[in-house]
Each structure stands twice: as C-alpha cells, then as structure tokens.
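Coordinates in review
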Amino acid sequence: MNVAYLAASDVIRLLEQGDITSRQLLDYYYGRMDLVNEQLNAVVQQQRETAYAQADQADRDRKEGRKHGPLHGLPLTVKESFDVSGMLTTSGAPHLKHNIAAGHAVTVQRLIQAGAIIMGKTNVPTMTADWQTYNDLYGTTNNPWDISLTPGGSSGGSAAALAADCTPVEFGSDLIGCLRIPAHYTGVYAHRCSLGMLSLRGHVPGNPPGDPSEPDLSAAGPLARSARDLRLMMDILYDPWVDVPVAPDFRKNTLKEQAKIKVLTWFEGPGHQLDERIKRRYADFTEALSGMEGVEVHHGMPPEIRMDDLFELAMKLSGRLVGTSFNSRQRLTASLASLGLRASRLVTKAFPEGLDEYYRAMNQSEGEQAETDRLRQHYNGMISSLLQEYDVLLLPISPVLAIPHMQQAVHRRALDVNGRATGYNEHLIWNIPATVFGLPATILPLNRASDELPCGIQIVSGHFKDHISIDFAEICETLTGGFQIPPGYS
C-alpha cells in the first residue's frame, strides 16, 4: 500500500483497519530516510533495532485486540534536544557528545504512552541557538525545496524531515521562532503551544535533571502536514503544569460553530519591512479570507503597541532567563560585555541589535527586574484585550523566505529584504508577541505558484486557546490547499 505523504491521522486509520502494519510503516519511513536523508541530513540518529522490536510488539498486540493509545504503532521522529531513553541528547554541542539520556523527556513519554514508536531524532543548531540548523557534531541540514537554503532553526531538522516525508509528524520546541521559522521556510504546519501547556523537562538546554520547575518563554509543540494532525498531537500531548481556566477542545473544530470570526492582521511596523513577495501573498490571502462567509478582517495593531518596545522587552526577558543559572564570575562577564557593547555602538553597528540589553539583563537588579515585569504586564493587558475582541491575530513569521546557509559570525550575517541588508536578528521581530506573552501560535502554509518558495502565516490566539488558532488554520485550508510536496520528493 502506498503511504507516501499520508497524514498521520490517515496512517492511524489504516493501522486500525488492518490495512498496514507498524513494521511495514517502518520499512517505508526508514526506506525514505535511506533515499533522501543523505542530501538533507535531517535525521541524525536512528534506532532501527529498537523501533522494529516495538513495531512487532505493537502489531502482535493489535492482532490480539490490545491497543495502547491513539498513536498505537505509529512511527515518528522527534527533535534531537528532547531526551529519548538510550539515545544521545547533545543539542549539537561537542561537550555533550557522550550524553545518553537515562529517561524520556516528559512530552516524549506522553507520545510513547499514546503508542508512538520513536524512529530517530532530527538535527538542531548548537544548543538550539540559531534560526539555521548546523553544528559540529552532525553537520548542516538542508532545505528540501533547495539544498542551498537552510530549513531554518532551531527545529530545522524536524521541519526538513517532515517536508521530505521521513516521518508523518514531528515534535519540536520554540523560544522565539524555533518552530515557526522552520515551518515557514519548509512549507509545513507547526504549533507553538501556550506557555504552561506542555512541559519542557528533559529538553537540552533546559533545567538540570531533577529540577521540577519550568522555564519562562520556552514552549514546545508539534509539526505536521495538516491542521487535523496538529489537533491530534495536541490532544495527546496536552498536560498543563499550571491551572487552566477552561481546557481547550482539540477533538473538534469549535471555531466553525461561531456565527462570526473576527481577524486582526499586523503585517507592518515602523522600520520592520517584509519581502515584497511575502506581502503580496499575505494580501492575496487576506483578500480571499475577507470573501469567506462569516469572517470579518481588520488591519493594523493599535498605535500604542510598539514593536520596538516588545523587542527590547524580549531581549531583557531572554537575558534574564539565561542569567538565572549564572555564577558570580559569569554575571560579571555579562555586565562587562553589556558595557562594551554599549560603548561600541558609538563607533560601529557591527553587533546585533539588542545584544547589549540581552547581556545587561543577565545581571538585572531587583528594581530592574520589577520594571521589566511591569512593562510585560502592561503590554500583556493590551494584547489580552485585543484577543477578547478578535478571535485571532495574523502576523508574519520572518521578513524573508528561506535564506541561503550562513555560517559566519552572527554579527556578519544579513538578511536581504527587497535588496536592502537587514540585521539577522530581524528573525525575532514577528515571533516576539507569542513568546513574551505565552500565547499559542499556529503556522499555516499559504498557496504558492510552481516557481515560488514556501511561505507561512502566523495565527495567534488567546492564552490557553490553542484550539482556536489550529481551528482557524483548518478553516483556511479551503483557501490555501494545504501542504504541498517539494519538487522531486513525490
């Protein structure tokens, strides 16, 4: 039976009907890796012997009437930075090259309890700290649409493997765009969950083993080739570590039941331009969206919400997050780096925007921390009010389409936005709101002409209303046509 590019939901249906076995699925997906992974370098670890043993057991159990969850016997891959017992978790860092996980990450455990079979792990940038995917241990991951381009990062291996059909679904993590940019660059779906909805324990980098706390800003989520599969995965993974006022309903599309769906777009900001090709596709999409019955589209954020303020806030929060684990010597080094960067701005613009605030925040005083928290709450109130009026916000993901590999020093990298060199940190800008305010964000791939690269759009909904952004993505599939296979991979 041909299972090429089938949605995970459809593969599960075939398993349940007895039309295919888990072993046959492994034959297909490992065969696919053998065919395409050499040029992509997306899947960097495989556990074939273990996976086949688990598949055979799953097939026996199904034959004998035993089912171990909604993913029973479904093979999939996960991001290398998540612990899978018996496999390496290095995050591409040489000092972790012998780090074999003693147990599963919390979210990986949920997938396994639901019946999933972990086939392997996908590539990441070093310590998941880039919007590209390369490192000294595993090398460079290429984009299936054009191997001279990056698939993005830090979940770039996840997105490339999924786009090339080495796995039916994937699972990654996101700080400021780490799921969203790879989905945009490779034409797949992704969902960054609300902060507090999924645990990041067992993720590297992250809190040390045995620490029950969860980090600020960082979140996790699935990548898929349909909104339906995002919903399937979120229904299984949902395991909040904070109190949730009303649990999201991932079993059905509840947004379809509303008489009116209100949408607000935010595609422009002073000093933050988009590639004209992206602007055109957003304009075409929103025009078609406006023509849908029951959908009301409005444009432009209130002027009091200033993107540059949010950028500075994101730098301070990110720096503070990193600084929590620093010793006194590291704090001193960070303070000196901040002073040096501030002084250098008088004579050069060689260093990335916001880096001085980032280092300074690693050593914030109590008063500075309180002021950062006050500003965060101030803006959170405004965003929350907007999301009471509108069901979803539509935002860009990156100012550009997939970029060529850039492995020089970060301060020497630049994005080409309509022929103008733009700072590499511009990748951050449109991903900041969901990260800073802990909001869910779903990436929907848009229509493309035959000669165009993929382009996604970011759908943001209210805190713990993850089902709404996924529901909206599914509704829009009638306009976008859903996932499209990269040329040469069908």
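Since the model is a prediction, treat every value here as computed from it, not as a measurement.

On to the overall build of the chain. Across its full length, the chain carries 14 helices and 15 strands. Taking 490 residues into account, the globule formula puts the C-alpha radius of gyration at 23 Å, and the chain, at 22 Å, falls close to it. Burial analysis of the chain (490 residues in total) assigns 58% to the buried set. Considering only contacts in the chain between residues 6 or more positions apart, those separated by 24 or more positions represent 76%. Here the chain displays about 19700 Å² of accessible surface, and carbon together with sulfur accounts for 51% of that area. Charged side chains of the chain number 44 positive and 56 negative; the gap between the two group centres comes to 2 Å.

In space, the eight strands of this open sheet follow the order β6-β8-β7-β14-β15-β11-β9-β10, with mixed pairing throughout. Single-partner strands in this sheet number two, and they are β6 (170-174) and β10 (295-299). Averaged over all pairs of adjacent strands, the angle between strand axes in this sheet comes to 25°, irrespective of strand direction. Bridging between strand β7 (residues 189-192) and strand β14 (residues 441-445) involves three bridges; their strand directions are antiparallel. The partner of Ala190 across the bridge, within β14, is Ile443. Sheet contacts for helix α14 (residues 466-480): β7, β9 (261-265), β11 (392-395), β14 and β15 (456-460); angle to β14, the most-contacted strand, approximately 10°.

Let's shift gears to the sheet that holds strand β3 (residues 117-122). Strand order in the open sheet made by the three strands is β1-β3-β2, with mixed pairing throughout. Only two strands of the sheet have a single partner each, and these edge strands are β1 (43-46) and β2 (75-79). Neighbour to neighbour, the strand axes of the sheet diverge by 40° on average, direction disregarded. Relative to β3, β2 is paired through five bridges, and the arrangement is parallel. Along β3, the bridge assignment pairs Leu76 with Ile118.

Let us now look at unusual backbone geometry. Here Gly153 and Ser154 are connected by a cis peptide whose omega angle stands at 10°. The topology assignment puts Ser154 in the loop between β5 (139-140) and α5 (156-163). A cis amide bond, omega 5°, links Val204 with the succeeding residue Pro205. Tracing the chain through its elements places Pro205 in the loop between β7 and β8 (219-224). Positive phi values are uncommon outside glycine, yet Ser91 reaches one of about 50°. Notably, Asn418 is not glycine yet its phi reads approximately 55°, a positive angle. Assignment of secondary structure puts Asn418 in the loop between β12 (414-417) and β13 (420-423).

Time to look at the pairing of β6. Taken residue by residue, a regular strand's side chains alternate between the two faces of the sheet. In terms of residue burial, β6 counts as a mostly covered element, since five of its five residues are buried. Residues Glu170, Gly172 and Asp174 of β6 are buried on one face, and the alternating residues Phe171 and Ser173, pointing to the opposite face, are buried as well. Relative to β8, β6 runs antiparallel, the two sharing five bridges. Paired with Asp174 across the strands is Ala219, a residue of β8.

So, about empty space enclosed by the protein. Across all of its chains, the model carries three cavities of 30 Å³ or more by this definition. Put simply, the largest cavity is a space of about 60 Å³. The wall of the largest cavity is formed by Trp145, Gly187, Pro445, Leu446, Arg448, Pro454, Cys455, Gly482 and Gln484. Of the residues contributing to the lining of the largest cavity, the split by class is five nonpolar, three polar and one charged.

So, about the pairing of β3. In terms of burial, β3 is a largely internal element, six of the six residues being buried. With three bridges joining them, β1 and β3 adopt antiparallel strand pairing. Paired with Gln46 across the bridge in β3 is Gly120. Note on the crossover from β2 through helix α4 (residues 106-113) to β3: the handedness is right-handed.

Within α5, eight of the eight residues are buried, which leaves it mostly tucked inside the rest of the structure. Every buried residue of α5 is listed here: Gly156, Gly157, Ser158, Ala159, Ala160, Ala161, Leu162 and Ala163. One or two steps after α5, the chain reaches Asp165, where phi turns positive at roughly 65°.

About the cut-offs
Residues numbered from 1 in each chain as written. Predicted model: local features only at pLDDT ≥ 70, side-chain atom pairs only at ≥ 80, totals over all residues. Heavy atoms only, no water. Helix = DSSP H or I, 4+ residues; strand = E, 2+ residues; numbered from the N terminus. Rg over C-alpha atoms; globule rule 2.2 N^0.38 Å. Buried < 20%, exposed > 50% of the residue type's maximum accessible area, 1.4 Å probe, protein only. Contact = heavy atoms within 4.5 Å. Areas by Shrake-Rupley, 256 points an atom, 1.4 Å probe, with all protein chains shown as cover. Lys, Arg positive; Asp, Glu negative; His and termini not counted. Charge placed at Lys NZ, Arg CZ, Asp CG, Glu CD. Pairing = 2+ DSSP bridges. Axes fitted to C-alpha atoms, helices over the stretch in contact; angles between N-to-C directions. 1 Å grid on protein atoms, 1.4 Å probe; cavity = no way out; pocket = protein on both sides within 12 Å on 5 of 7 lines; lining within 4 Å. Points joined across faces, edges and corners; volume = space filled by probe spheres on them. Nonpolar A, V, L, I, M, F, W, Y, C, P; charged D, E, K, R; others polar. Right-handed = clockwise from strand over helix to strand, strands pointing away.

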